Amino acid sequence: MKIWVIKKKNKKRGNFYVVRAYDEITGRTKALASFDYHKQAHAFANEQKLEQPENLIPAKIEYKESFKKYVQSVLNNELIVEETRLNKVGAVNNHIHPAFNIIYEPKPDNLLSSFRYIDFENFVQLILKSKCTAVYNRKASEGGGSITIRTEKNLGKKAIRDVVQEFKQYVKFCHNNSWKMPREILDFKFPKTFFQGYEIKDQWVPTQKQVKKLINAEKDFVNKVMWSLAAETGARPNEILGLCYEDIDLLSEIPTIFFRHTIDKWNCFRANTLKTLSSRRKIKISDKLAEMLKTWMVQQTFPRKEQGYKLVFGRISKAMSKKRIKSAAKKLGIDWVGGLKPFRKYSYSLEREQNKIPELVSKARRGWTMDSRTPGRYYHKDLNNDPQAERDAINKLYN
């Protein structure tokens, strides 16, 4: 951005000085201000040199077009997995863009440059009132396919934070393209006490009795192996379902499993793709689990093959694994919440309760770094769940 002062003259005003700016990227020129005195003009010009270029000569781009380009950039970003890309695009299409439509209704134009910080404050209020979306699969009589519909449920704490964070990424994209957007938005943070009124979901964790009952009563051997693996290792569901024959070492002194592959929400195999860098790990397993895995790998006649790998549970998707465990638990009178994920909380909590494995090793077994805050949320005490024993202990405190 070039800024300079030129001298002009007319009959009414006499000599005066105009401060002009030239955008080298767009080739546009604009007169910023005029002054009667030379020193005033140069002082103003020096101030404008410190200003962001997009604020001096705003690009004439409508907000709808900016969203279109941002979404396209997200979809073309191969540095992030497809599932994450679609989640980011969903936040834009389902929440951010609709909020902009409401904000721009009273405005005289749809130019992005007319968006102010006060509009961002209104945007946050609209996001707080935004409703969740759900995918509805239409029947054949309705034309088939699927559509996204609004539910009556408001966004939760995490969803609100994610949407606002995604909007900040959009603001950065605008700045990178020299589109005018208030930079103060990037400094916005919710007050620490802001979400106190939001309901906190109960973090359900199965008890030790429930897990043993579920696994011991199961007759389908593949289910028994899968649930035993989840309960012992505490691996993520997509890591368990992405486990391959090549990742299991049964010949070493202590049997070992190497977690390095996953599957996505559509059950597509993702080789060497994990949630975090620390998720790539080798962990030791018990002799009992090793024997179960060995038996199942021999029994499985036609394992699913992807990219040269043979999957241990390749025929089972995340949705299918959830249905299997909920169905088995229901027959046993267990009100199971979720699919394989509760095993992750259960496994870590059990190791901490038994206190036989060092905490550092326990964290590493689940792919957590030393400074991760996740273990604090995943640790649930009293897996034996004996209400009477707890009541007796409380009564003894004062007797």
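Please read these numbers as outputs of a predicted model, since none were measured by experiment.

## Topic: the overall build of the protein
Summing up its helical and strand segments, the protein has 15 helices and twelve strands in all. Computed over its C-alpha atoms, the radius of gyration of the protein comes to 29 Å, more than 25% above the 21 Å expected for a compact globule of 399 residues. Projected onto the principal axes, the alpha-carbon positions of the protein cover approximately 100 × 65 × 55 Å. Restricting the contact set of the protein to residue pairs at least 6 apart, pairs at least 24 apart contribute 57%. As presented, the protein carries roughly 24,200 Å² of accessible surface, and 50% of it is formed by carbon and sulfur atoms. For the protein, the distance from the average position of its 76 positive side-chain charges to the average position of its 44 negative side-chain charges is 3 Å.

## What about the layout of surface pockets?
Computed from the structure, the second largest pocket encloses a volume of approximately 530 Å³. Around the second largest pocket sit 22 residues that line it, and I215, S228, A231, E232 and Y346 are the ones nearest its centre. Elements supplying a minimum of two residues to the lining of the second largest pocket: α7 (208-217), α8 (221-233), α10 (287-299) and α12 (341-354).

## A few points about the pairing of strand β7 (residues 256-259)
Burial of the side chains of β7 extends over both faces: T256 and F258 are buried on one face and I257 and F259 on the other. Between strand β6 (residues 248-249) and the antiparallel strand that follows it, β7, lie six residues. As paired elements, β7 and strand β10 (residues 281-284) share four bridges and run antiparallel to each other. Opposite T256, over in β10, you have K284 as the bridge partner.

## A short note on the sheet that holds β6
Judged by pairing direction, the sheet is antiparallel, and its three strands sit side by side in the order β6-β7-β10 without closing on themselves. On the outer flanks of this sheet lie β6 and β10, each paired with one strand and no other.

## Side note on the nonpolar core
One finds W227, I257, F313 and F343 to be the most contacted residues of the largest nonpolar core, which totals 40 residues. Going through the elements one at a time, α7, α8, α9 (237-241), β7, α10, α11 (318-331) and α12 are the ones with two or more residues in this core. By residue number, the principal contributor to this core is α8, which donates seven residues. In contact with F313, not counting residues within four places along its chain, are V222, V225, M226, L229, I240, L241, L243 and W296. V89, L155, F173 and F188 belong to the second-largest nonpolar core, a separate cluster that totals 38 residues.

## Observations regarding a positive patch on the surface
A surface patch of positive charge is lined by K265, K275, K318, K341, R373 and R377. Relative to the elements of secondary structure, K265 occurs in the loop between β8 (262-263) and β9 (269-270).

## Quick notes on the sheet that holds strand β1 (residues 2-10)
If you walk across this open sheet you meet the three strands as β1-β2-β3, and the pairing is antiparallel. Each edge of the open sheet carries a strand with a single partner, namely β1 and β3 (29-35). In this sheet, neighbouring strand axes are inclined to one another by 30° on average, regardless of whether the strands run parallel or antiparallel. Alignment of β1 against strand β2 (residues 14-22), held across nine bridges, turns out to be antiparallel. Across the sheet, residue K2 finds its bridge partner in β2, namely Y22. Of the strands in this sheet, β1, β2 and β3 are in contact with helix α1 (residues 38-48), which crosses β3 at around 140°.

## Describing the pattern of salt bridges
In total, this model carries twelve salt bridges according to the counting rule given. Note that D119 and K107 form a salt bridge whose closest N and O atoms lie 3.0 Å from each other. Linking D119 in helix α5 (residues 117-129) with K107 in the loop between α4 (82-103) and α5, this pair joins segments that are twelve residues apart in sequence. Given a relative accessible area of 8%, D119 falls into the buried group. With its nearest N and O atoms 3.1 Å apart, the salt bridge here joins E306 to R304.

## Quick notes on the packing of helix α3 (residues 63-75) against helix α6 (residues 157-176)
At a closest axis distance of 11 Å, the pairing of α3 and α6 adopts a crossing angle of 100°. Considering the angle they form, α3 stands roughly perpendicular to α6. Residues Y63, S66, F67, K69, Y70 and S73 of α3 form the contact with α6, whose own contacting residues are E166, Q169, Y170 and F173. For the contact of α3 with α6, the class distribution of residues is five nonpolar, three polar and two charged.

## Description of the environment of Q72
One can find Q72 in helix α3. Q72 sits 45 residues away from Y117 along the chain, and the two C-alpha atoms are 25 Å apart.

## Re the side chain of T262
Mapped onto the fold, T262 is located in strand β8. A relative accessible area of 1% places T262 in the buried class. In this structure the side chain of T262 is engaged in a polar contact, spanning 2.6 Å, whose partner is the backbone oxygen of T273. The contact partners of T262, leaving out residues within four places of it in the chain, are N238, E239, G242, C268, F269, R270, T273 and L274.

What counts, and where the lines are drawn
Residues numbered from 1 in each chain as written. Predicted model: local features only at pLDDT ≥ 70, side-chain atom pairs only at ≥ 80, totals over all residues. Heavy atoms only, no water. Helix = DSSP H or I, 4+ residues; strand = E, 2+ residues; numbered from the N terminus. Rg over C-alpha atoms; globule rule 2.2 N^0.38 Å. Contact = heavy atoms within 4.5 Å. Areas by Shrake-Rupley, 256 points an atom, 1.4 Å probe, with all protein chains shown as cover. Lys, Arg positive; Asp, Glu negative; His and termini not counted. Charge placed at Lys NZ, Arg CZ, Asp CG, Glu CD. 1 Å grid on protein atoms, 1.4 Å probe; cavity = no way out; pocket = protein on both sides within 12 Å on 5 of 7 lines; lining within 4 Å. Points joined across faces, edges and corners; volume = space filled by probe spheres on them. Buried < 20%, exposed > 50% of the residue type's maximum accessible area, 1.4 Å probe, protein only. Pairing = 2+ DSSP bridges. Core = buried A, V, L, I, M, F, W, Y, C linked by side-chain atoms within 4.5 Å. Patch = residues over 30% accessible without salt bridge, like charges linked within 9 Å, V, L, I, M, F, W, Y side chains within 5 Å. Salt bridge = Lys/Arg side-chain N within 4 Å of Asp/Glu carboxyl O. Axes fitted to C-alpha atoms, helices over the stretch in contact; angles between N-to-C directions. Parallel < 35°, antiparallel > 145°, perpendicular 65-115°, else oblique. Nonpolar A, V, L, I, M, F, W, Y, C, P; charged D, E, K, R; others polar. Polar contact = N/O pair within 3.5 Å; in protein donor to acceptor, adjacent residues only side chain to side chain.

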